[in-house]
Amino acid sequence: MGGNVALELTSINKSFKKGSTVIQDINLSVARGQVVALTGSSGSGKTTILQIAGLLDQPTSGVVTIDGVNCTQASNKYKTHIRRSFLSFVYQFHYLLQELSVLENVILPQLIAGKSKTEAVRNSQAILEKFGLENKASSMISEISGGERQRVAIARSIVNSPKLLLADEPTGNLDPTNSLNVFLLLCSYVKENNNSMLIVTHNHLLAEKADCVLQLKNQSLVKL
Ligand SMILES: Nc1ncnc2c1ncn2[C@@H]1O[C@H](COP(=O)(O)OP(=O)(O)O)[C@@H](O)[C@H]1O
Ligand SMILES: [Mg+2]
């Protein structure tokens, strides 16, 4: 389904309280194989856009189209299906399970998605190798560095091959070298698999490597 467009937001408005509009008439689309960067000052509504795009929050008005399907009026069952099968979030702070090893953290979402343990282990080992983490597979989360944790979190977010990645300042707490590495890992994953990504970043050096850069200003989007 969906043709070439993974995500489309059309005339999106959001107010949390009556009379206080956070975002107004937001229109954006993310094509397959495309990386779109979203910038804007703190509190401008970037996370709000990602939450609406990921069907975790409802717009006050407007349409969210994912993989060609208007999801605005879709049932909760369909939204859950899309969240599980089509998209994935990456956050600024990793939410890894401390009591599990690196390998187990990457295995878990695959078991939830219904893969067999054998397949999940095989996929996890492959992705950890790609991320340069093969020697850390049996380490506990407390035993690895911040940059390594963020790479594990990203490996976990993409191991089920989501078509649309929604990344909310995924490199925000990393040093410049790790930021660039993590960003490039995400981009190569998107490009190699013809997937797509909407990524919030404050880092202009990273944003300019995206296919398209949008800035959220005065509740609206401006193309840079
Ligand atoms: N659940 C909520 N209830 C009320 N106001 C909210 C809620 N979530 C976000 N906001 C407000 O919406 C604005 C945009 O927030 P957010 O999207 O988190 O901005 P950003 O990610 O760009 O920093 C802020 O003023 C914030 O206080
Ligand atoms: Mg935010």
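Residues numbered from 1 in each chain as written. Chains lettered and ligands numbered in written order. Predicted model: local features only at pLDDT ≥ 70, side-chain atom pairs only at ≥ 80, totals over all residues. Heavy atoms only, no water.

What follows is about the overall build of the protein chain. A count of helical and extended segments in the protein chain gives seven helices and ten strands. Computed over its C-alpha atoms, the radius of gyration of the protein chain comes to 17 Å, within 12% of the 17 Å expected for a compact globule of 224 residues. The C-alpha extent of the protein chain, read off along each of the three principal axes, is 50 × 40 × 30 Å. Going through the 224 residues of the protein chain one by one, you find that 48% of them count as buried. Pairs at least 24 residues apart make up 69% of the contacts formed inside the protein chain by residues separated by at least 6 positions. Accessible area for the protein chain stands at about 10,800 Å²; split by element, carbon and sulfur atoms hold 49% of it. Taking the 22 positively charged and 17 negatively charged side chains of the protein chain as two groups, their mean positions are separated by 7 Å. (Helix = DSSP H or I, 4+ residues; strand = E, 2+ residues; numbered from the N terminus. Rg over C-alpha atoms; globule rule 2.2 N^0.38 Å. Buried < 20%, exposed > 50% of the residue type's maximum accessible area, 1.4 Å probe, protein only. Contact = heavy atoms within 4.5 Å. Areas by Shrake-Rupley, 256 points an atom, 1.4 Å probe, with all protein chains shown as cover. Lys, Arg positive; Asp, Glu negative; His and termini not counted. Charge placed at Lys NZ, Arg CZ, Asp CG, Glu CD.)

On the surface, a nonpolar cluster with roughly 430 Å² of combined accessible area is contributed by Leu56, Tyr91, Phe93 and Tyr95. Turning to its location among the elements, Leu56 is positioned in the loop between helix H1 (46-53) and strand E4 (61-66). A relative accessible area of 42% means that Leu56 is categorised as partly exposed. (Patch = residues over 30% accessible without salt bridge, like charges linked within 9 Å, V, L, I, M, F, W, Y side chains within 5 Å. Salt bridge = Lys/Arg side-chain N within 4 Å of Asp/Glu carboxyl O.)

To continue, consider the sheet that holds strand E8 (residues 196-200). Taken in spatial order, the six strands of this open sheet run E6-E7-E8-E3-E9-E10, and their pairing is mixed. Unpaired on one side and paired on the other, strand E6 (87-90) and strand E10 (220-223) mark the two borders of the sheet. With strand direction ignored, the average angle separating the axes of adjacent strands in the sheet is 20°. Bridging between strand E3 (residues 35-39) and E8 involves four bridges; their strand directions are parallel. What sits directly across from Val36, in E8, is Leu198. (Pairing = 2+ DSSP bridges. Axes fitted to C-alpha atoms, helices over the stretch in contact; angles between N-to-C directions.)

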